[in-house]
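One letter stands for each residue in the lines below.
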Amino acid sequence: LLVGDDQRSLTKYYHVAVPHLANEMLLVRLDPSKPYISMMSIPRELWVPITPPNGQTYTNRINSAYTYGIPTLLSTLKRDLGISVNHVVVITFGRFKRAVDQMGCVYSTVDRRYYHVNVPGGPQYQEINLQPGYQKLCGDQSLQFVSYRHDDTSLIRDARDQSFLMDVKKQYGPTLAGNAHKFETIFGKAVQTDPGLHSTTGILNLLGTLISSSSRRVRQVHFQATLGATYDTATPQQIQDSIHAFLYGGSPVPKQSTASLAHA
């Protein structure tokens, strides 16, 4: 599970500190027996039950589960979506910018004109200034592109994030084996991981898996959800079909075997 940590301090366009929210939750499955890598974004506005540590269950967007820490986010994914996560990689906005710069920037396609500058009396949200087209994106521009959330649906946001990661794979995947130490250093400084990856052996095992998978195509799986104005919803059948497609591919599970994963 790749998590983009949305926490930010007080800024000129955020009058209060932004709490830890999951700006991006991307599931990646590396199965040595498969000729592809599976990738599926979890809609950050998905409306689900959340149980804080020592607290009462309430319903909110799934990205807010991360406010209580990784264990709460993982337990929410398991209970509401029926999926267990092997490893977690978390990256903050600042570390993301530095990692992109240290890699050497990324050539990617910006799908449209993005522009917003905060002015007194006007709407105050994330500033962005990107021209459309294929171009070299370094730290600041890359962060603007992948983190922009205003006036876009969750599907568009997730597609933009996945597109950028696929460009990273395309550009740097072929050189991963020959520059393992460089990428291990960048990766180690840029992210926080679960305890299973804290050791050198754990990191090297993951890096070895990435190297062996670098030439495989990416299979992008769409999470089935009904988009709303303020939050997204998914039926138990939509959730089950999405998870089944991510884990196994092929046809969705038969409807007669539907179980309510959201309340299991």
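Right above here is the structure, for reference.
Per-chain numbering applies: the sequence of each chain, read as written, is numbered from 1 onward. Local features in a predicted model are, by the rule used here, given only for residues with pLDDT of at least 70; side-chain atom pairs are given and counted only at 80 or more, and totals for whole chains, interfaces and linings are based on all residues. Side-chain metrics rest on all non-hydrogen atoms present in the structure, leaving aside hydrogens and water.

Peer 1: So what exactly am I meant to see when it comes to the overall build of the protein chain here?
Peer 2: The helix and strand tally for the protein chain stands at seven helices and twelve strands. To sort residues, take the accessible area from a 1.4 Å probe on protein chains only and compare it with the maximum for the residue type: under 20% means buried, over 50% means exposed, and anything in between is partly exposed. Evaluated residue by residue, the protein chain yields a buried proportion of 45% over its 264 residues. Accessible surface is estimated by sampling points in the Shrake-Rupley manner with a 1.4 Å probe; for residues, cover comes only from the protein chains shown. Total accessible area computed for the protein chain in this model is approximately 13400 Å², and 57% of it derives from carbon and sulfur atoms. Strands are runs of DSSP state E lasting at least two residues, helices are runs of H or I lasting at least four, and both sets are numbered from the N terminus onward.

Peer 1: Please clarify how the state of the cysteines should be interpreted in this entry.
Peer 2: Think of a disulfide as a covalent bridge from one cysteine sulfur atom to another cysteine sulfur atom. The rule for a disulfide is simple: a pair of cysteine sulfur atoms within 2.5 Å. Inspection of every chain in the model, using the stated rule, returns one disulfide. Bridging cysteine 105 to cysteine 138, the disulfide has an S-S length of 2.0 Å. Residues cysteine 105 and cysteine 138 share a disulfide whose torsion about the S-S bond is about 100°; that sign makes it right-handed. In this pair, cysteine 105 is assigned in the loop between α2 (93-103) and β7 (106-110) and cysteine 138 in the loop between β10 (133-137) and α3 (139-147), connecting sequence segments 33 residues apart.

Peer 1: Would you mind showing me how to read a nonpolar patch on the surface here?
Peer 2: Patches were defined on residues exceeding 30% relative accessible area and lacking a salt bridge, with like-charge contacts within 9 Å and nonpolar side-chain contacts (Val, Leu, Ile, Met, Phe, Trp, Tyr) within 5 Å. Whenever Lys or Arg places a side-chain nitrogen within 4 Å of a carboxyl oxygen from Asp or Glu, that contact is recorded as a salt bridge. Nonpolar side chains collect at one region of the surface, where Leu2, Val28 and Leu165 lie side by side and expose about 190 Å² of accessible area between them. Along the chain, valine 28 falls in strand β2 (residues 22-30). A relative accessible area of 34% means that valine 28 is categorised as partly exposed.

Peer 1: Which parts of the structure should I look at to understand the sheet that holds strand β11 (residues 191-193)?
Peer 2: Paired through their backbone hydrogen bonds, the strands of a sheet run either parallel or antiparallel. Any two strands between which DSSP finds at least two bridges are classified as paired. Taken in spatial order, the six strands line up as β11-β6-β1-β2-β3-β12 in an open sheet, and their pairing is mixed. Of all strands in the sheet, those with a lone pairing partner are β11 and β12 (217-220), marking the two edges. Adjacent strand axes in the sheet meet at a mean angle of 25° when their direction is disregarded. In this structure, strand β3 (residues 36-41) lies alongside β12, joined through four bridges in parallel fashion. The residue of β12 that forms the bridge with serine 38 is arginine 219. Most of the contacts of helix α5 (residues 180-190) go to β11, to which it runs at about 75°, and overall it touches β6 (89-92) and β11. Between N-to-C directions, angles span 0 to 180 degrees; the directions come from axes that are lines fitted to C-alpha atoms, helices contributing only their stretch in contact. Any two residues having at least one pair of non-hydrogen atoms within 4.5 Å are treated as being in contact.

Peer 1: Quick question: what am I supposed to make of α5 here?
Peer 2: Every α-helical turn comprises 3.6 residues, leaving residues that sit three or four positions apart pointing alike. All of the buried residues along α5 are Phe183, Ile186 and Ala190. Seen along its axis, α5 keeps its buried residues to an arc of 65°; they face one direction. Among the exposed residues of α5, those pointing more than 90 degrees away from its buried face are His181 and Lys189. Turning to α5, the residues buried within the fold contact β6, α2, α4 (154-172) and β11. The reported arc concerns the directions from the helix axis to the C-beta atoms and nothing else.

Peer 1: Sorry, what's going on with the pattern of salt bridges here?
Peer 2: Pairs can form between side chains of opposite charge whenever their charged atoms are close. One pass over the structure, following the stated rule, counts eight salt bridges. Here glutamate 45 makes a salt bridge to arginine 157, at a shortest N to O gap of 2.3 Å. Of this pair, glutamate 45 sits in the loop between β3 and β4 (47-50) while arginine 157 sits in helix α4, and the two are 112 residues apart along the sequence. A relative accessible area of 10% places arginine 157 in the buried class. Aspartate 161 is the salt-bridge partner of arginine 149, the closest N and O atoms lying 3.0 Å from each other. With arginine 149 in the loop between α3 and α4 and aspartate 161 in helix α4, this pair connects stretches of sequence that are twelve residues apart. The exposure classification of arginine 149 matches that of aspartate 161, with both residues buried. If you follow the salt bridges from partner to partner, you end up with Arg44, Glu45 and Arg157 in one network.

Peer 1: Looking at this model, I keep getting lost on the packing of α2 against α3. Mind explaining?
Peer 2: Packed helix pairs are specified by the crossing angle of their axes together with the interaxial distance, meaning the distance between the axes. Between α2 and α3, the least distance of the axes is 8 Å, while the angle of their chain directions is 130°. Taken together, the axes of α2 and α3 lie oblique to each other. Like other packed secondary-structure pairs, α2 and α3 cross with a definite hand, here right-handed. The residues of α3 that touch α2, namely those facing Phe93, Phe96, Lys97, Val100 and Asp101, are Gly139, Asp140, Ser142, Leu143, Val146 and Ser147. Gly falls in the polar group here, along with every residue not listed as nonpolar (Ala, Val, Leu, Ile, Met, Phe, Trp, Tyr, Cys, Pro) or charged (Asp, Glu, Lys, Arg). Per-class residue counts for the contact of α2 with α3 are five nonpolar, three polar and three charged. Should an angle fall under 35 degrees it is taken as roughly parallel, and over 145 as roughly antiparallel, whereas 65 to 115 is taken as roughly perpendicular and any remaining angle as oblique. By convention the crossing between two helices is left-handed if the near helix lies anticlockwise of the far one by an angle smaller than a right angle, and right-handed if it lies clockwise.

Peer 1: Looking at this structure, how should I read the side chain of serine 64?
Peer 2: Within the secondary structure layout, serine 64 lies in the loop between β5 (58-61) and α1 (70-81). The term polar contact refers here to a pair of N or O atoms within 3.5 Å; inside protein, the definition further demands a hydrogen-donor-capable atom paired with an acceptor-capable atom, and it admits residues adjacent in sequence only when both atoms are side-chain atoms. A distance of 2.7 Å separates the side chain of serine 64 from the backbone oxygen of arginine 61, its partner in a polar contact. Residues in contact with serine 64, not counting those within four places in the same chain, are Leu21, Ile50 and Tyr58.

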